[in-house]
Protein chains: 2
Amino acid sequence: MGSMGLLGLFLGISAVLGVSPWNPTLAELLFLSPRTQLDASPFGSLWPLPQSLRISPERFRVAPNQFRIVHGPGSSEGPDCSLLQEAFRRYYEYMFGHSKWQNQDGGKSRYETELSSLQVIITSEDSECDKFPSITSDEAYQLQVSKPTAVLKAGKVWGVLRGLETFSQLLHEDDTGRYFVNESDITDFPRFAYRGILLDTSRHFLPLKVILTNLDAMAFNKFNVLHWHIVDDSSFPYQSTTFSELSAQGAYSPNHIYTPTDVHSVIEYARLRGIRVIPEFDTPGHTQSWRKGKMYILTPCYNGMHPSGSYGPVNPIFSATYDFMMKLFKEVSTVFPDDCIHLGGDEVDFSCWKSNPEVTEFMRKKGFGFWYSKLESFYVEKILDIVASVKKKSIVWQEVFDHGAKLQPDTIVEVWKSFYQLELAKVTAHGHQAILAAPWYLDLISYGEDWKNYYNVEPLSFIGSMSQKELVLGGEACLWGEYVDATNLTPRLWPRASAVAERLWSNRSVTDVSDAYNRLAQHRCHMLRRGIAAQPLYVGYCSHDFI
Amino acid sequence: MGSMGLLGLFLGISAVLGVSPWNPTLAELLFLSPRTQLDASPFGSLWPLPQSLRISPERFRVAPNQFRIVHGPGSSEGPDCSLLQEAFRRYYEYMFGHSKWQNQDGGKSRYETELSSLQVIITSEDSECDKFPSITSDEAYQLQVSKPTAVLKAGKVWGVLRGLETFSQLLHEDDTGRYFVNESDITDFPRFAYRGILLDTSRHFLPLKVILTNLDAMAFNKFNVLHWHIVDDSSFPYQSTTFSELSAQGAYSPNHIYTPTDVHSVIEYARLRGIRVIPEFDTPGHTQSWRKGKMYILTPCYNGMHPSGSYGPVNPIFSATYDFMMKLFKEVSTVFPDDCIHLGGDEVDFSCWKSNPEVTEFMRKKGFGFWYSKLESFYVEKILDIVASVKKKSIVWQEVFDHGAKLQPDTIVEVWKSFYQLELAKVTAHGHQAILAAPWYLDLISYGEDWKNYYNVEPLSFIGSMSQKELVLGGEACLWGEYVDATNLTPRLWPRASAVAERLWSNRSVTDVSDAYNRLAQHRCHMLRRGIAAQPLYVGYCSHDFI
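Reading guide: rules and limits
One numbering rule holds for all chains: residues counted from 1, following each sequence as written. Just so you know, chain letters begin at A and ligand numbers begin at 1, following the order they were written in. pLDDT decides what is reported in this predicted model: residues at 70 or higher carry local features, side-chain atom pairs at 80 or more are listed and counted, and totals for whole chains, interfaces and linings draw on all residues regardless. Only heavy atoms go into the side-chain values, all of them from the structure, while hydrogens and water stay out. Here a helix means four or more residues in a row that DSSP labels H or I, a strand means two or more in a row labelled E, and each is numbered from the N terminus. Between the first and last residue of a helix there are one fewer steps than residues, each counted as 1.5 Å, and that sum is the expected span. Here's how the labels work: a residue is buried when its accessible area is under 20% of the maximum for its type, exposed when over 50%, partly exposed in between, all with a 1.4 Å probe on protein chains only. The contact definition used throughout considers only heavy atoms, calling two residues in contact when any of these lie within 4.5 Å. UniProt positions are given in the numbering used here, feature names are shortened, and annotations may be inferred rather than shown by experiment. Helix axes use the C-alpha atoms of the stretch in contact, all axes being lines fitted to C-alpha atoms, and the angles between their N-to-C directions lie in the range 0 to 180 degrees. In this scheme the handedness of a crossing depends on how the near helix is turned from the far one: anticlockwise by less than a right angle means left-handed, clockwise means right-handed. Only a pair of cysteine sulfur atoms within 2.5 Å counts as a disulfide in this structure description. Side-chain atoms within 4.5 Å link the members of a nonpolar core, which is a set of buried Ala, Val, Leu, Ile, Met, Phe, Trp, Tyr and Cys residues. Least-squares fitting of one copy onto the other uses the C-alpha atoms of those residues that reach a pLDDT of at least 70 in both copies. A 1.4 Å probe defines the accessible area here, and the buried area is the portion of it lost by two parts on being joined, summed over both. Each reported salt bridge corresponds to a side-chain nitrogen of Lys or Arg within 4 Å of a carboxyl oxygen of Asp or Glu. Counted as a polar contact is a pair of N or O atoms within 3.5 Å, where, for protein atoms, one must be capable of donating a hydrogen and the other of accepting one, and residues adjacent in sequence contribute only when both atoms are in side chains. In short, DSSP must find at least two bridges between two strands for them to pair. Whether a crossover is right-handed depends on one test, that the path from the first strand over the helix to the second runs clockwise when the strands point away from the viewer. A pair of Phe, Tyr and Trp rings is counted when the ring centres sit within 6.5 Å of each other, with Trp represented by its six-membered ring. The angle between the planes then sorts it: under 30 degrees is stacked, over 60 is edge-to-face, the rest tilted. Oblique is the label for any angle not under 35 degrees, not over 145, and not in the 65 to 115 range, which are roughly parallel, roughly antiparallel and roughly perpendicular in turn. Residues are grouped as follows: nonpolar covers Ala, Val, Leu, Ile, Met, Phe, Trp, Tyr, Cys and Pro; charged covers Asp, Glu, Lys and Arg; every other residue, Gly included, is treated as polar.

Chemist: Help me understand helix H10 (residues 372-389) of chain B in this model?
Modeler: Because an α-helix packs 3.6 residues into every turn, residues spaced three or four apart end up facing the same way. Residues and elements named next belong to chain B. The first and last C-alpha atoms of H10 sit 26 Å apart over 18 residues, in line with the 26 Å expected at 1.5 Å per residue. Listed in full, the buried residues belonging to H10 are Tyr372, Ser373, Leu375, Glu376, Ser377, Phe378, Tyr379, Val380, Ile383, Leu384, Ile386 and Val387. Taken together, the buried residues of H10 touch strand E14 (306-314), helix H7 (319-335), helix H8 (351-355), helix H9 (357-366), strand E16 (393-397) and helix H11 (398-402). Following H10 by one or two positions, Lys391 has its phi on the positive side, about 65°.

Chemist: How do you make sense of the UniProt feature "domain: Glycoside hydrolase family 20 catalytic" (unreviewed entry) in chain A when you look at a structure like this?
Modeler: Sites flagged by UniProt as "domain: Glycoside hydrolase family 20 catalytic" (unreviewed entry) map to residues 192-507 of chain A. Helix makes up 39% of residues 192-507 of chain A and strand 18%, with an end-to-end C-alpha separation of 10 Å.

Chemist: How should the packing of helix H7 (residues 319-335) of chain A against helix H10 (residues 372-389) of chain A be read in this particular structure?
Modeler: To describe two helices that pack against each other, one gives the angle between their axes and the distance between the axes. All names here are of chain A. Packing of H7 against H10 leaves a shortest axis separation of 10 Å and a crossing angle of 35°. In the crossing of H7 with H10, the sense of the turn from one axis to the other is right-handed. Contacts from Thr321, Tyr322, Met325, Met326 and Phe329 of H7 reach H10 at Phe378, Tyr379, Lys382, Ile383, Ile386, Val387 and Ser389.

Chemist: Looking at this structure, I do not really get the state of the cysteines. What am I missing?
Modeler: Such a bond, covalent and formed between the sulfur atoms of two cysteines, is termed a disulfide. By the definition in use, this model includes six disulfides over all chains. The disulfide partner of Cys525 of chain A is Cys542 of chain A, and the S-S distance across this bridge is 2.0 Å. The disulfide joining Cys525 of chain A to Cys542 of chain A has a torsion of about -80° about its S-S bond and is therefore left-handed. Here the residue Cys525 of chain A occupies a position in helix H17 (residues 513-529), and Cys542 of chain A occupies one in the segment after H17, the gap between them amounting to 17 residues. Accessibility classification places Cys525 of chain A together with Cys542 of chain A in one group, the buried group. Each sulfur of the disulfide joining Cys301 of chain B and Cys352 of chain B lies 2.2 Å from the other. Where Cys301 of chain B bonds to Cys352 of chain B through sulfur, the torsion about that S-S bond is close to -110°, and the disulfide is left-handed. Separated by 51 residues along the polypeptide, Cys301 of chain B in strand E13 (residues 298-303) and Cys352 of chain B in helix H8 bring together distant segments of the chain.

Chemist: Even after reading the chapter, I still don't get the nonpolar core, so can you show me in this structure?
Modeler: Leu118, Phe167, Leu226, Trp228, Phe281, Met325 and Trp494 of chain A are the most contacted members of the largest nonpolar core, which has 148 residues in total. Within the second largest apolar cluster, 147 residues are counted, among which are Phe60, Tyr141, Ile230 and Leu489 of chain B.

Chemist: Whenever I open this one, the relation of the copies chain A and chain B confuses me. Can you help?
Modeler: Taken together, a rotation about one axis and a shift along it account for how the two chain copies relate. When chain A is brought onto chain B, the operation consists of a screw motion whose angular component is 180° and whose axial shift is 0.0 Å, with 0.0 Å RMSD remaining. Expressed as an axis order, the relation between the two copies is that of a two-fold axis. Identified as the residue of chain A closest to the rotation axis by C-alpha distance is Ser446 of chain A, at 2.4 Å. When the interface residues of chain A are mapped onto chain B, 100% of them again lie at the interface, so the same face is used by both copies.

Chemist: What am I meant to see in the interface of chain A and chain B here?
Modeler: Frequently, the measure chosen for interface size is the accessible area removed from exposure when the parts meet. Across the boundary between the two partners, chain A contributes 39 residues, which contact 39 residues of chain B. Between chain A and chain B, the buried area comes to about 3,300 Å², and carbon and sulfur atoms account for 64% of it. The interface formed by chain A and chain B holds two salt bridges in total. For Arg524 of chain B, the salt bridge is made with Asp485 of chain A, and the minimal N-O distance between the two is 2.5 Å. Inspection of the chain A/chain B interface yields 16 residue pairs in polar contact (both at pLDDT 80 or more). Contributions of two or more residues to the side of chain A that touches chain B are made by helix H15 (489-493) and H17 of chain A.

Chemist: Before we go on, may I ask you to explain helix H1 (residues 82-96) of chain B in this structure?
Modeler: End to end, H1 of chain B covers 21 Å across 15 residues, agreeing with the expected 21 Å (1.5 Å per residue, within 8%). Within H1 of chain B the residues assigned to the buried category are Leu83, Leu84, Ala87, Phe88, Arg90, Tyr91, Tyr94, Met95 and Phe96 of chain B.

Chemist: Hey, could you run me through the environment of Ala219 of chain A in this one?
Modeler: Mapped onto the elements of the fold, Ala219 of chain A is located in helix H3 (residues 208-220). For the pair formed by Ala219 of chain A and Arg273 of chain A, sequence separation is 54 residues and the distance between their alpha carbons is 6.0 Å.

Chemist: What's the story with the pairing of strand E17 (residues 412-415) of chain B in this structure? I'm lost.
Modeler: Remember that side chains alternate between the two faces of the sheet whenever the strand is regular. Residue and element names in this part refer to chain B. Neither face of E17 is left uncovered, since the one carrying Ile412 and Glu414 and the one carrying Val413 and Val415 both have all their residues buried. Looking at chain direction, E16 and E17 are connected through three bridges and run parallel. Looking across to E17, one finds that Val396 is bridged to Val413. As judged from the four bridges shared by E17 and strand E18 (residues 433-436), these two strands associate in the parallel manner. Within E18, the residue paired with Val415 across the bridge is Leu436. Regarding the hand of the β-α-β motif, the stretch spanning E17, helix H12 (residues 420-429) and E18 is right-handed.

Chemist: Where do I start with the packing of aromatic side chains in this structure?
Modeler: Each pair of aromatic rings is reported with the distance of its centres and the angle of its planes. The final tally for this structure, using the stated rule, is 64 aromatic pairs over all chains. For the ring pair Tyr91 of chain A and Tyr94 of chain A, a centre distance of 5.1 Å and an interplane angle of 85° mean the geometry is edge-to-face. Taken together, the positions of Tyr91 of chain A and Tyr94 of chain A, both in helix H1 (residues 82-96) and three residues apart, correspond to about one turn of that helix. Residue classification places Tyr91 of chain A among the buried residues on the basis of a relative accessible area of 3%. Tyr94 of chain A sits in the buried class, given a relative accessible area of 15%. Ring geometry for Phe243 of chain B against Phe324 of chain B: centres 4.5 Å apart, planes inclined by 50°, an arrangement best described as tilted. On the criterion of sequence distance, the pair formed by Phe243 of chain B in the loop between strand E11 (225-229) and helix H4 (245-250) and Phe324 of chain B in helix H7 is long-range, its members being 81 residues apart.

Chemist: Sorry, what's going on with the side chain of His523 of chain B here?
Modeler: On the secondary structure map, His523 of chain B appears in helix H17 (residues 513-529). Taking relative accessible area as the criterion, His523 of chain B reaches 1% and is therefore assigned buried.

Chemist: When you look at the packing of helix H3 (residues 208-220) of chain B against helix H5 (residues 260-271) of chain B in this model, what are you seeing that I'm missing?
Modeler: Residues and elements named next belong to chain B. Relative to each other, H3 and H5 sit at 10°, their axes nearing to 10 Å. On the basis of their axis angle, the class for H3 and H5 is roughly parallel. Residues Leu208, Ile211, Leu212, Leu215 and Asp216 of H3 form the contact with H5, whose participating residues are Asp262, Ser265, Val266, Tyr269 and Ala270. Counted by class, the contact of H3 with H5 contains seven nonpolar, one polar and two charged residues.

Chemist: Would you mind going over the pattern of salt bridges with me for this structure?
Modeler: Opposite charge on two side chains permits them to pair, given that their charged atoms come into close proximity. Residues and elements named next belong to chain A. Scanning the model with the defined rule gives 48 salt bridges over all chains in all. Ionic pairing is found between Asp515 and Arg519, a salt bridge with its closest N-O pair at 2.8 Å. Residue Asp515 and its partner Arg519 are both found in helix H17; the two are separated by four residues, about one turn of the helix. Taking relative accessible area as the criterion, Asp515 reaches 10% and is therefore assigned buried.

Chemist: Can you walk me through unusual backbone geometry in this structure?
Modeler: Comment: phi is negative for the bulk of residues other than glycine, and the bulk of peptide bonds are trans. Going from Thr283 of chain A to Pro284 of chain A, the amide bond is cis rather than trans, its omega being 0°. Mapped onto the elements, Pro284 of chain A comes out in the loop between strand E12 (276-280) and helix H6 (290-293). Omega for the bond connecting Trp494 of chain B with Pro495 of chain B falls within 30 degrees of zero, at 5°, which places this linkage in the cis form. The residue Pro495 of chain B is located in the loop between helix H15 (489-493) and helix H16 (496-505) in this model. Phi is positive for His286 of chain A, close to 55°, though the residue is something other than glycine. By the element assignment, His286 of chain A lies in the loop between E12 and H6.

In structure tokens form, the structure reads like this:
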């Protein structure tokens, strides 16, 4: 292991890969011979593997003090774009920052650079520099490394961000501390447009720093969605400006809240890395903490004729409920710029509704019979309408679809239960877009190299037409928070989530687990070097492994 | 959760607990009523639970600036004992150090103390201040908290260390930052004399800092043995002065070694906390890394008539092997002051020995037939003799016993395989002392509250006589290193190992999992406050949980 980079590669046979449904371009990948150092992948530490790459054995010296990342000629963007300026600075630091302490003898960078710059060229008129990323964001880029300059071309800033990450992964250091990049030619784009990480800040509060660190790690793995499961039964850390009592009463403590400033910081930090932030306000279940601030919002459960003192899901029978939700989602829709809001809708327990005589009466009036799933759908449809009225798209957990709620045409269904291939087939057969989470519940830890299970998933292995498969937007690695907080989140998530990252970005044909192991072991070392406490895949070490 | 301490307790019924085989004193425990704050144990955050305790509802204010830990009247020890001086300083810091930042208003400690000191009294003539702990070390102590001074009495420094930890756990802080200790009367001693943690520094190198941090955590949990599995197949980080080539060639890199100074630091840091350091030099298997420095030490494997290029266990047929081992163990016996050395002896693969014609010839000469376990025993017996000749006791993994080697009378057998009750019965029936590790392989992670499985183990549940059970010295939580390094070791080990700590220290009758949960959740918060990144047991938070 260690960070051996791409030393000793040479060009070998070539092959044509399959077609991705989301990027129906022919992707060409030139395979390289395995005549490399022991355990080194011919692709070095590239992760996720680009769609198409050619790496030559010729390598160019890069002297940190003579190398710059700059706006290239003809780019529609320049130093005014702070997203790019910050990215240039960040990637320069990732590539060379850690070598400062090594250069105490002053000699290691006293060599002539062969590569003087990476020129970044935005080719479309609107770079989207000040926009937020979205499901339609163009993340494609081309990267050509040749003497004396490397060129990174992309239509939008999002592609530049992905290309900078790739360029930084191409850089390798020899034993004397000198840097090299091999002559390369890369054309890259994601297989799936939605590549998410779910973090849960309700079961345990996650300090802002942990969230930001994980946004860094997400960028290193080309993830582009933070699904922020921000509130749940255990606590309500989201500080609402409209209903401040929700967090004042429902958070674990006054120290365990996300202020509007905190939330804004997360969103902007994510935007600068090409990452969307989709908040989840899960209802009608998973809402116990809401009642602390809003007494009337939950259904009182009954024990026979009398209230039992416990509470069930959101009370769906009062108009006050919907007035409250309207105001809350209006606020949420302005706080979170993303065009999607996740509404949850999972695991609604009907027993409390069944026990409540007012709910029973409501059911009778509505003619729902004993079908409590109809009451659930009644509720969810109203929430879907509210969200549509504030001009947002909804994402829901699969139960909402399974229980027959009439979804909006653009509602996205997130699949999380067993037999996910069947569910994906059903959801897409109904014309809905889908996100796959089921095989990627990373909180379900087990002994050994479980990342291989995540890696071996093929999201489109279900039976369905081409057009059905095009409805699968991507997937999500979920790290639910029951057993996870600031002490263990980062090593538990990384590099296990990296397996999901490659599955969602790289070509469908990239399935060689042993090559993946070699690249991922190095990629994990790179993450360590950048301050991410990513745990080891297996025995071994990194050349810079002390964190 | 949070650190609610012992607020609101009052004295309830009393009960007499069972007799411990190692401390055959009648232990009296006064149970307290559960009329406490929600989720608080009547025993606050005490972990492991003392053998006998009485806590009164009366509590005394402790003002940090007016409180001292001092040598008490009649103590045989004073300021000359740096072990105690350092312990006093350390525990003062644990108790009050974290409150500095809270006292910015200057007001919180402007109250009169009701408890002015903790007087520490060593009652025996030899405090053992400058000695190393051993299997016979007396860790018993008595702690009486009453106005205006608390008194901690112990025969030896080891009991003082345990008592200081208990006193620090009695301290609690109210919402305004004021400290209290309840009037208490505690008599305590360990149920088992051997309470270990195994760390593996071969599969992954562990930086010194990680080892020292975990010695801190061990002290917080009254563990008293670090079983240092220092070398194995993957790497040889132990820097031998006699055979420097072993680490020069066999360590992952020159940065991944433990110098004599490092080893000494670990031993002294451990000693100051009453913790023994037992090194394991596992042979004849698990030795691949040894060959890098000592070419001849391993058995060449054969493919038919020719050497295959791979190597098996230590070569048992040459006298050079034993000359080498004699020198190595002579060095090890002086570097490590503990009177035990762990010799390993697990998982010896016979296939390489079987393939080697010289070994076959040796077997024939010795009349071993096809019983390779006899060859293994031949080897192990010679190593046991070597270790006895350097005046150390040996610990071996159970295979050595299972395969019929003639052990020294004082050889200790460590039980690690399934059906451990049967094995304990067998080992002790043969008159050997035993250490139980089998149910406590903490590297075997799984989803959920697995600490309860560790907690529910009863080490003496096997069928055997009283005298057999007295041969069980204790047990060990093992964190093998295949998937563990500096990034994830501490949260993976703590507080899961704490479950083992209580099982090995507290009375056999202490088995209430729900009371354990409440205490352990608070104990984990205390560990967090002291800089140990112990992971959460389940949902919740600590009042000071940002690390």
